[in-house]
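# A structural walkthrough
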Amino acid sequence: MISLIKGFRDIAPPDVELWQHVEATARKLFSDFGFSEIRLPIMEKTELFARGIGADTDIVEKEMYTFTDRGGEMLTLRPEATAGVARAYIEHNMAAVDPVRKLFTTGPMFRRERPQKGRFRQFYQLNAELFGVPGPAADVQAILLLVTLLKRLDTPDVTVHLNSLGCPECRPAYKALLTEYVAARSAALCENCVRRGSTNPLRVLDCKAPDCRVAMIGAPAISEHLCPACREHFALVTEGLGALGIQFELNPRLVRGLDYYTRTTFEVQTTSLGAQNAVAGGGRYDGLLEALGGPPTPAVGFAIGMDRLLELLAENGAKVEPRALVFLACLGDDAQKLGFSWLCALNLAGVAAEMDFFGRSLKSQMKRADRLGARYVLMLGGDELNNRAAVLRNMATKEQEPVPFASLVETVAARLSAA
Ligand code: HAM
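This is a predicted model, so every value here is computed, not measured. (Residues numbered from 1 in each chain as written. Predicted model: local features only at pLDDT ≥ 70, side-chain atom pairs only at ≥ 80, totals over all residues. Heavy atoms only, no water.)

### So, the packing of aromatic side chains
One pass over the structure, following the stated rule, counts 12 aromatic pairs. For the pair Trp19 and Tyr124, a centre-to-centre distance of 5.5 Å together with 80 degrees between the ring planes defines the contact as edge-to-face. Of the two residues, Trp19 sits in helix α1 (residues 15-32) while Tyr124 sits in strand β6 (residues 122-131), which places them 105 residues apart along the sequence. Judged by relative accessible area, which is 22%, Tyr124 ranks as partly exposed. One aromatic cluster is present, formed by Tyr89, Phe131, Tyr260, Tyr261 and Tyr285 through successive ring pairs. Cation over ring: Arg9 sits above Phe120, and NZ or CZ is 4.1 Å from the ring centre. Sitting over the ring of Tyr181, Arg185 keeps its end group 3.6 Å from the ring centre. (Phe/Tyr/Trp six-rings, centres within 6.5 Å; stacked < 30°, edge-to-face > 60°. Helix = DSSP H or I, 4+ residues; strand = E, 2+ residues; numbered from the N terminus. Buried < 20%, exposed > 50% of the residue type's maximum accessible area, 1.4 Å probe, protein only. Lys NZ or Arg CZ within 6 Å of the ring centre and 35° of its normal.)

Spelled out as structure tokens, the structure:
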């Protein structure tokens, strides 16, 4: 048997039904908020991610599935979607139609991390990206969309963490301060943090190693080093969230794992998934489009980790009721033949229906109907053929009624929709 690749998985029935419910709820809400869908390729030129996400990030340094194709081009299975959405926005010159564009996308992402609870090598994200609005209203709208979706899905145990990472005006001075702080404590830090100290010191704030955490307790906080414009932007974001009654925690250590962020960053965290505590993450990335060769374009967005969200919902007992189904139990060749034509007619009329194709006994057909969770069984045998009426049995109440062939589809459809 050839099995799955490590860190990859199938999402099969009955789990997939909860995924579909989440996706349908999201599609409706995203459309209410004015977001249109964009479908992107899952593979892009490696350069897009190297430039977009940042060469010194874990993702680009060690997690991407990159290969040279037969034409000699370096390609990568996307580790995230934002760089691809930004590429598409630039490539299709969307700003020319209307610079304000709201796009969402969903699908698989690939990162070669160590698999564990809530962490896969192929995982799914639901992304929302809002282009062209520099002001704090866009940040507030993105966060409102995210928390509203989580609320509509009854997601348990989630907290919004919020920070500002400043901008090219104020971040360099803060980074220099942090580099100095890290250098002075290099003896206490892990190897990775010592190296990051000079290239990407913000990431040291995020290291999970206990010694690094202790060493970084007194580190300067970016919130104390924002320029006036970033400070005002952040104040307006928190004010806007407050006005909408959205609760959040200020978290000066929230640095995120991608380098394109400017100003607002946020994460939805949970305590229910062990080490993988981020259910969603996002922020503003005002410099990304220009870095990718596009026009300067402010942008903000987020991605929900669907695998983690679904795990949280399932742990909370969320279930999608299976669709109400009628099972056709047919006895004898003639009934079987007619049953098949009723099955087709019911399916074509939008009624979920199943039947037995093997000429089994009534008892074993009823057993199968039970296993499938059928709400009704439509029984068809010699008598029914003679009377030109089938018998419809309600599996819960055991009540039976004759249903004339002339109104069979309508009657079964009505009973099932009432169920
Ligand atoms: P990210 O924080 O790297 O951000 O990923 C977003 C979410 O994807 C995480 O919070 C987590 O739930 C999920 N996720 C990440 N890696 C894995 C994994 N290996 N297994 C399962 N779930 C995972 C981004 O990707 C940004 N592009 C978000 C964004 C959109 N920022 C602005 N716009």
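### Considerations on the domain arrangement of the protein
As a measure of interface size, the accessible area lost when the parts come together is often cited. Segmentation of the protein into domains returns domain 1 (15-170 + 226-315) and domain 2 (325-418). Each of domain 1 and domain 2 has a C-alpha centre, and these two points are 49 Å apart. (Domains from an automatic or database assignment.)

### A look at unusual backbone geometry
For the bond from Pro13 to Pro14, the omega torsion is 5 degrees, close enough to zero to count as cis. For Asn93, which is not a glycine, the phi torsion comes out positive at approximately 50 degrees. Mapped onto the elements, Asn93 comes out in the loop between α4 (82-91) and α5 (94-97). Residue classification places Asn93 among the partly exposed residues on the basis of a relative accessible area of 47%. Even without a glycine there, the phi angle at Arg263 is positive, about 55 degrees. Among the secondary structure elements, Arg263 is positioned in strand β9 (residues 262-269). A relative accessible area of 16% means that Arg263 is categorised as buried.

### Overview of the side chain of Glu129
When you line up the elements, Glu129 lands in strand β6. The charged side chain of Glu129 is buried without a salt bridge, its nearest counter-charge being Arg256 at 9.1 Å. For Glu129, the side chain forms a polar contact with the side chain of Thr82, separated by 3.0 Å. Setting aside anything within four residues of it in sequence, one finds Glu129 in contact with Phe35, Thr82, Val85, Arg101, Lys102, Leu103, Tyr285, Val300, Gly301 and Phe302. (Lys, Arg positive; Asp, Glu negative; His and termini not counted. Salt bridge = Lys/Arg side-chain N within 4 Å of Asp/Glu carboxyl O. Polar contact = N/O pair within 3.5 Å; in protein donor to acceptor, adjacent residues only side chain to side chain. Contact = heavy atoms within 4.5 Å.)

### Comments concerning the nonpolar core
In terms of nonpolar packing, the biggest core is built from 46 residues, with Phe131, Leu189 and Met216 touching the most fellow members. Mapped onto this core, the elements with two or more residues apiece are α2 (46-53), α3 (58-63), α4, α7 (171-184), α9 (210-215) and α11 (288-291). Element by element, the count of residues in this core is highest for α4, at 5 residues. Those residues in contact with Phe131 that lie beyond four places of it in its chain are Val85, Ala86, Tyr89, Pro99, Val100, Arg101, Leu103, Tyr285, Leu289, Thr297, Pro298 and Ala299. (Core = buried A, V, L, I, M, F, W, Y, C linked by side-chain atoms within 4.5 Å.)

### So, the site of the ligand
Taken together, 27 residues form the shell around the ligand, and within it Glu80, Glu113, Phe120, Glu129 and Tyr261 come nearest. Between the ligand and Glu113 there is a distance of 2.8 Å, counted from a nitrogen atom to a side-chain nitrogen or oxygen. Contact between the ligand and Gln125: an oxygen atom at 3.0 Å from a side-chain N or O atom of the residue. Relative to its unbound accessible area of 650 Å², the ligand is 96% covered by the protein chains. Counting only elements with at least two residues in the shell around the ligand, the list comes to β6, β10 (278-284) and β11 (299-305). Among the elements that make up the shell around the ligand, the one with the highest residue count is β10 (6 residues). (Near = heavy atom within 4 Å. Areas by Shrake-Rupley, 256 points an atom, 1.4 Å probe, with all protein chains shown as cover.)

### Looking at the packing of α1 against helix α6 (residues 136-152)
Following both chains from N to C, one finds α1 and α6 inclined at 145 degrees, their axes separated by 10 Å at the closest point. Crossing handedness for the pair α1 and α6: right-handed. Packed against α1, whose contacting residues are Thr25, Ala26, Leu29, Phe30 and Asp32, the element α6 presents Leu145, Thr148, Leu149 and Arg152 at the interface. (Axes fitted to C-alpha atoms, helices over the stretch in contact; angles between N-to-C directions. Left-handed = near helix turned anticlockwise from the far one by under 90°.)

### Observations concerning the sheet that holds strand β12 (residues 326-330)
Pairing within the open sheet is mixed, and its 5 strands lie in the order β13-β12-β14-β15-β16. Strands with a single pairing partner mark the edges of an open sheet, and in this sheet they are β13 (353-355) and β16 (400-404). Here the average twist between neighbouring strands, direction ignored, is 25 degrees. Bridge count between β12 and strand β14 (residues 376-380): 5 bridges; the pairing is parallel. When the bridges of β14 are listed, Cys330 appears paired with Leu380. Set on the sheet, helix α14 (residues 362-371) makes contact with β12, β13, β14 and β15 (389-394); between it and β12 the angle comes to about 170 degrees. (Pairing = 2+ DSSP bridges.)

### Notes on the state of the cysteines
Enumeration according to the criterion identifies 0 disulfides in this entry. Looking at the unpaired Cys190, the closest cysteine sulfur is the one in Cys193, lying at 3.6 Å. With relative accessibility at 25%, the residue Cys190 sits in the partly exposed group. A relative accessible area of 4% places Cys193 in the buried class. (Disulfide = S-S within 2.5 Å.)

### A few points about the pairing of β9
With 8 of 8 residues buried, β9 lies mostly within the body of the structure. In this structure, strand β7 (residues 159-164) lies alongside β9, joined through 6 bridges in antiparallel fashion. Across the sheet, His161 pairs through a bridge with Glu267, a residue of β9. By the bridge criterion, 6 bridges tie β9 to β10 in an arrangement that is antiparallel. Bridged to Thr265 within β10 is Gly283.

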